[in-house]
Amino acid sequence: MTKPHLYLVDGSGYIFRAYHKLPPLTSPSGTPVGAVYGFTTMLLKLRQDVTDAEDPTHMAVILDAARTSFRNEIYANYKAHRPEPPEDLVPQFSLVRDAVRAMSLPCIEMHGFEADDIIATYVTQARRRGWDVTIVSSDKDLMQLVDADVEMLDTMNNRRLGVEAVYDKFGVGPDKVIEVQALMGDSVDNVPGVPGIGPKTASQLINDYGDLESLLSRATEIKQNKRRENLIEFADQARVSKQLVTLKHDVPVPETLDDFALNDIAADPLISFLETHGFKSLKAKWASDLGVDAAAEEASTPTQTDYYCITDMAELKTWIAQADDRGMLSVDTETTGLDTMAAELVGISLSIEAGEACYIPLAHVGSDGAGLALGDDRPQQLPMDDVLAALKPLLEDHSVMKIGQNLKYDMLILARYGINLAPIDDTMLMSYALDSGRGGHGMDELAGRHLGLQTTPFSDVAGKGKAQVTFDKVPLDKATHYAAEDADITLRLYQHLKPRLPLEGLSSVYHMLEKPLVPVIAQMERHGIKVDRAMLSRLSGEFAQRMAGLEAEIEELAGEPFNIGSPKQLGAILFDKLDLEPKPKKTKTGAYSTGADILETLAAESGHSLPKLVLEWRQLSKLKSTYTDALQEQINTETGRVHTSYSLAATTTGRLSSNEPNLQNIPIRTEEGRRIREAFIAEPGNVLIAADYSQIELRLLAHIAEIPELKTAFENGEDIHATTASAIFDVPIADMTGEIRRRAKAINFGIIYGISAYGLSRQLDIPRADAKAFIDTYFQRFPGIRRYMDDTIAACKETGYVETLFKRRAHIKGINDKNPNMRGFSERAAINAPIQGTAADIIRRAMIRMPEALNAEGLNDVRMLLQVHDELVFEAPQSMAQDASTVIKQVMESACTPYLSLSVPLIVDAGIAQTWGQAH
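All values reported here derive from a predicted model rather than from experimental measurement.

Student: Where do I start with the packing of aromatic side chains in this structure?
Tutor: Given two aromatic rings, one states the distance between the centres and the angle between the planes to describe the pair. Summed over the entire model, instances satisfying the criterion amount to 16 aromatic pairs. Relative to Phe-779, the ring of Tyr-778 lies with its centre 6.3 Å away and its plane at 85°, an arrangement referred to as edge-to-face. In terms of burial, Tyr-778 and Phe-779 fall into one category: buried. Lying over the aromatic face of Phe-70, Lys-248 brings its terminal NZ or CZ to 5.4 Å of the ring centre. One Lys or Arg, Arg-677, reaches over the ring of Trp-916 and ends 4.0 Å from the middle of that ring.

Student: Explain unusual backbone geometry here, please?
Tutor: Keep in mind that most residues, glycine aside, have a negative phi and that most peptide bonds are trans. Of the consecutive residues Glu-581 and Pro-582, the connecting peptide bond is found in the cis state with omega at 0°. Tracing the backbone through its elements, the reader meets Pro-582 in the loop between helix 25 (567-577) and helix 26 (596-605). Thr-897 connects to Pro-898 through a cis peptide bond whose omega is 0°. Counting through the fold element by element, Pro-898 comes out in the loop between helix 37 (881-893) and strand 23 (908-913). Even without being glycine, Glu-660 reaches a positive phi, approximately 50°. Looking at where Glu-660 falls in the secondary structure, it is placed in the loop between strand 16 (657-659) and helix 28 (671-677).

Student: Is there a simple way to explain the packing of helix 32 (residues 738-752) against helix 33 (residues 757-764) in this structure?
Tutor: When two helices pack together, you describe them by how their axes are tilted relative to each other and by the distance separating the axes. Running from amino to carboxyl end, helix 32 crosses helix 33 at an angle of 145°, the nearest separation of the two axes being 11 Å. Helix 32 and helix 33 meet at a crossing whose hand is right-handed. Contact residues: Arg-742, Arg-743, Ala-746 and Ile-747 in helix 32; Leu-760, Gln-763 and Leu-764 in helix 33. A breakdown of the residues in the contact of helix 32 with helix 33 according to their chemical character gives four nonpolar, one polar and two charged.

Student: Teacher, can you tell me more about the environment of Ala-126 here?
Tutor: Its place among the elements puts Ala-126 in helix 5 (residues 115-129). For Ala-126, a relative accessible area of 0% corresponds to the buried category. On a C-alpha basis, the gap between Ala-126 and Leu-257 in space is 7.5 Å, while along the polypeptide they are 131 residues apart. Filtering out sequence-adjacent residues up to four positions away, Ala-126 remains in contact with Leu-6, Trp-131, Val-133 and Leu-257.

Student: Honestly, the nonpolar core in this entry has me stumped. Any pointers?
Tutor: Note that soluble globular proteins tend to have their nonpolar side chains buried in a common cluster. Core analysis: the largest hydrophobic core is formed by 179 residues, its most contacted members being Leu-391, Tyr-693, Ile-785 and Ile-842. At ten residues, helix 36 (residues 820-856) tops the list of elements feeding residues into this core. Residue contacts for Ile-842: discarding those within four places in its chain leaves Tyr-693, Ile-696, Leu-700, Phe-806, Ala-895, Cys-896, Leu-902 and Leu-906. Counting 53 residues, the second-largest nonpolar core is a separate cluster that includes Val-166, Leu-216, Ala-219 and Val-251.

Student: Please clarify how the sheet that holds strand 7 (residues 306-309) should be interpreted in this entry.
Tutor: Strand pairing in a sheet is mediated by backbone hydrogen bonds. Such pairs are either parallel or antiparallel. Taken in spatial order, the six strands line up as 7-10-9-8-11-12 in an open sheet, and their pairing is mixed. Two strands bound the open sheet, and with one partner strand each, they are strand 7 and strand 12 (424-426). The mean angle between the axes of side-by-side strands here comes to 25°, regardless of whether they run parallel or antiparallel. Helix 15 (residues 384-396) contacts strand 8 (328-335), strand 9 (345-353), strand 10 (356-361) and strand 11 (401-404) of the sheet and is inclined by roughly 40° relative to strand 9. Set on the sheet, helix 20 (residues 476-497) makes contact with strand 7, strand 8, strand 9, strand 10, strand 11 and strand 12; between it and strand 9 the angle comes to about 45°.

Student: What should I look at first to understand the pattern of salt bridges in this one?
Tutor: Two side chains of opposite charge can pair, provided their charged atoms sit close to one another. As enumerated under the stated definition, the model contains 50 salt bridges in all. Lys-283 serves as the salt-bridge partner of Glu-275, at 3.6 Å between the closest nitrogen and oxygen. Note that Glu-525 is salt-bridged to Lys-408, the shortest N-O span being 2.7 Å. Of this pair, Glu-525 sits in helix 23 (residues 517-527) while Lys-408 sits in helix 16 (residues 407-415), and the two are 117 residues apart along the sequence. Accessibility assignment for this pair places Glu-525 and Lys-408 in one class, buried. Overlapping salt bridges bring together Asp-435, Arg-438, Arg-500 and Glu-504 as one network.

Student: I keep staring at the pairing of strand 8 and nothing clicks. Help me out?
Tutor: Judged by how many residues are buried, strand 8 sits mostly within the fold: eight of eight residues are covered. Residue alternation in strand 8 divides its side chains into two sets, Met-328, Ser-330, Asp-332 and Glu-334 and Leu-329, Val-331, Thr-333 and Thr-335, and both sets are buried.

Student: Would you explain helix 32 in this entry?
Tutor: Two residues of an α-helix separated by three or four positions point the same way, owing to the 3.6 residues in each turn. Given a rise of 1.5 Å per residue, 15 residues ought to cover 21 Å, and the 22 Å separating the end C-alpha atoms of helix 32 matches this to within 8%. The complete set of buried residues in helix 32 reads Ala-744, Ala-746, Ile-747, Asn-748, Gly-750, Ile-751 and Ile-752. Of the surrounding secondary structure, the elements contacted by the buried residues of helix 32 are helix 29 (696-704), helix 31 (720-729), helix 33, helix 34 (768-781), helix 35 (783-799) and helix 36. Of the residues trailing helix 32, Gly-754 is marked for its positive phi of about 65°.

Conventions we followed
- Residues numbered from 1 in each chain as written.
- Predicted model: local features only at pLDDT ≥ 70, side-chain atom pairs only at ≥ 80, totals over all residues.
- Heavy atoms only, no water.
- Phe/Tyr/Trp six-rings, centres within 6.5 Å; stacked < 30°, edge-to-face > 60°.
- Buried < 20%, exposed > 50% of the residue type's maximum accessible area, 1.4 Å probe, protein only.
- Lys NZ or Arg CZ within 6 Å of the ring centre and 35° of its normal.
- Helix = DSSP H or I, 4+ residues; strand = E, 2+ residues; numbered from the N terminus.
- Axes fitted to C-alpha atoms, helices over the stretch in contact; angles between N-to-C directions.
- Left-handed = near helix turned anticlockwise from the far one by under 90°.
- Contact = heavy atoms within 4.5 Å.
- Nonpolar A, V, L, I, M, F, W, Y, C, P; charged D, E, K, R; others polar.
- Core = buried A, V, L, I, M, F, W, Y, C linked by side-chain atoms within 4.5 Å.
- Pairing = 2+ DSSP bridges.
- Salt bridge = Lys/Arg side-chain N within 4 Å of Asp/Glu carboxyl O.
- Expected span 1.5 Å × (residues − 1).

Following this line, the structure appears as structure tokens:
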């Protein structure tokens with residue numbers, strides 16, 4: 001009779017291998033299933049391979065039930081260094097168990113014991129019966145179980161491991177493995193071992209002394225001083241380590257070996273499982289192998305919707321239980337406004353199944369149907385405190401994925417009500433990672449583009465213009481449909497967009513650059529920054545006086561009073577009355593264009609003073625209205641600070657944009673702009689830290705275009721503009737004048753943005769022919785730049801997009817346009833996007849890593865407040881400022897690690913002061 005052959009599969013090892021080997025995937029319901037797919041594929045292949053090659057009689061999959069075991073009672077820090085599993089892996093653990101059972105295999109796990117202990121117990125039982133055993137794993141901890149009848153199978157390398165392989169690995173036989181492990185320890189599992197003793201020394205000592213106890217009792221005989229001292233001092237630590245690495249052989253397992261008899265796969269459970277989770281290729285293969293008809297209806301968009309208004313706590317708890325069981329849900333909040341620091345929560349909508357959603361009203365007031373509040377005539381709704389208390393565990397549960405559209409907003413709103421929304425997946429950011437440059441990323445636009453659906457406009461439920469009401473005054477029937485639809489559509493977008501990420505190679509962009517930035521930015525927005533109201537008021541008054549003086553000068557030059565802010569009236573003065581040249585074409589309305597570029601050209605070429613004065617007046621007017629006046633009104637009454645909002649998906653290149661107020665457009669090269677920055681101040685006892693990347697885009701250009709001269713200059717810390725000037729103008733650095741350096745600086749920065757000879761001539765106030773000669777010389781001296789530009793444009797024309805060094809894509813519209821002006825604009829955008837986009841990616845990585853880095857150094861009170869292009873602004877207690885500045889610089893300068901290896905150093909300049917202006 002053939003000897004029984006038992007296969008014990010280390011399922012936990014399979015799970016993590018599958019997770020790290022394969023890109024993220026989602027099921028039709030939107031649940032993460034990448035690890036499940038890999039696990040299922042590997043286990044089915046194993047079962048098929050071993051069945052074809054030999055005759056296994058029994059098989060079981062062994063899993064870890066929890067992160068702690070009896071070993072934590074022996075040594076509290078056992079496995080303490082292991083990070084929590086990735087958030088998108090947690091919901092997949094239960095699905096893996098379903099996968100095992102769908103393959104007609106037993107799935108064994110026990111709380112308090114690790115999978116290795118369970119495997120050891122079944123190996124011991126099988127030995128007693130005289131069975132052969134194959135442990136499917138590459139885990140070195142299981143090598144202590146190997147003997148003549150017990151082998152290991154490393155499926156990753158398709159290698160069977162017997163006694164000889166154990167000798168190769170540890171330098172001892174399987175019976176001595178635990179002795180060696182006790183000495184050398186294990187940094188991964190935090191097994192302490194004996195300091196200074198590695199694998200080679202440990203095996204030598206055990207071979208010499210026989211076992212751990214013999215070695216420790218004779219430690220005084222060791223000749224090497226430090227080794228002898230460590231063996232004596234850490235003897236008890238070695239004994240504890242031996243307990244930790246020794247597998248238990250007597251776990252009280254409930255299933256017997258006979259329960260593991262290998263039977264044929266039952267077709268229905270497997271095919272149903274594969275279909276449910278969207279594993280189409282596996283389903284097709286196994287349906288064929290099992291003789292099942294593979295034809296199945298494709299999932300389709302629901303033809304009807306079921307939206308519910310929840311006003312009963314039992315009904316709400318049912319939804320919560322279903323979401324908890326599903327491991328994911330779509331969530332959206334409805335509020336009284338868009339200001340996250342002032343808006344009040346009105347209701348919450350949830351969806352866990354496409355076409356089905358609910359709305360939970362919380363703070364609606366009565367309405368007569370026309371949007372008029374009726375005092376205390378409130379519609380029926382659950383108490384807000386009760387609802388939030390019931391939802392809080394679900395919304396904070398890290399095993400349940402929360403899906404949303406622009407979830408930063410919802411996170412900020414819910415945080416004010418004591419709920420920390422996590423973990424998250426954001427459909428807006430998925431769209432941004434996939435389709436940056438192809439269109440907008442708002443829910444309404446995405447629903448039309450991807451689902452062919454037109455969503456309900458806000459104006460349909462809340463009215464328009466002056467008649468528009470806040471959402472708390474919207475009747476519940478309209479509010480329910482509108483809010484539930486948001487959650488439902490978001491879930492459908494998630495199901496559409498999430499699978500595209502791995503298929504299009506953009507999972508890393510989303511998971512590395514987009515999603516982890518959301519809570520960081522949300523925290524920055526909550527912090528806000530303090531401004532000096534009195535100083536802003538003084539500046540407003542000063543700007544008003546200067547504007548009045550400019551108005552008088554302008555009207556005197558014009559010969560009559562007119563509205564300077566009216567483009568039509570200004571155009572008539574400039575081009576009809578004063579007849580200045582060059583004269584632009586008229587717009588469709590019959591008025592002349594008077595944009596900044598037109599006025600700058602007039603100022604340079606007409607010889608008349610009026611255009612320049614108008615430009616000065618416009619600049620002061622913009623600074624006054626946008627900053628010195630507006631900032632005073634934007635100070636939050638509760639915090640006393642200004643809270644800007646960052647748009648995470650507004651630019652093609654990955655740069656963040658700041659709104660309400662826009663703090664990224666404060667000019668830094670003008671005296672007025674610098675004075676406005678002086679109004680941004682630290683709280684008493686604190687200081688501001690401004691950390692700015694030095695010439696990061698030029699450094700990236702030197703790396704990407706492979707310019708040896710520029711790379712050497714950056715590596716040596718030289719003045720890059722002087723170096724460039726010396727190269728293109730053939731002037732020794734010792735003889736460099738400020739004017740020559742200024743010209744080189746203009747070319748250096750202009751090249752990144754595809755500057756033309758015309759543009760450079762205007763900027764430097766030189767003839768166009770001279771500007772063209774400068775640019776030609778630049779490209780001759782640095783041919784790599786021209787090569788980079790040509791190659792980038794050619795690649796973009798072929799694919800329609802360019803990539804940053806982090807593989808972020810920027811789709812460039814018009815790159816093949818027949819209109820030369822449009823095409824030229826797109827080509828310049830294509831040249832700039834990889835450089836500006838990589839710089840944006842780098843500062844994103846720095847921001848994502850910053851909170852953890854500061855906290856690790858005990859700098860918990862240091863707050864990141866602002867991100868402005870290549871600069872980060874922090875507020876810190878004065879006592880922590882120097883230490884914080886050091887950490888900030890380190891994080892920013894190493895932001896590429898370990899993803900990129902740049903051939904030029906990143907340098908960060910950091911200043912510390914009471915105001916932003918002084919710190920910059």
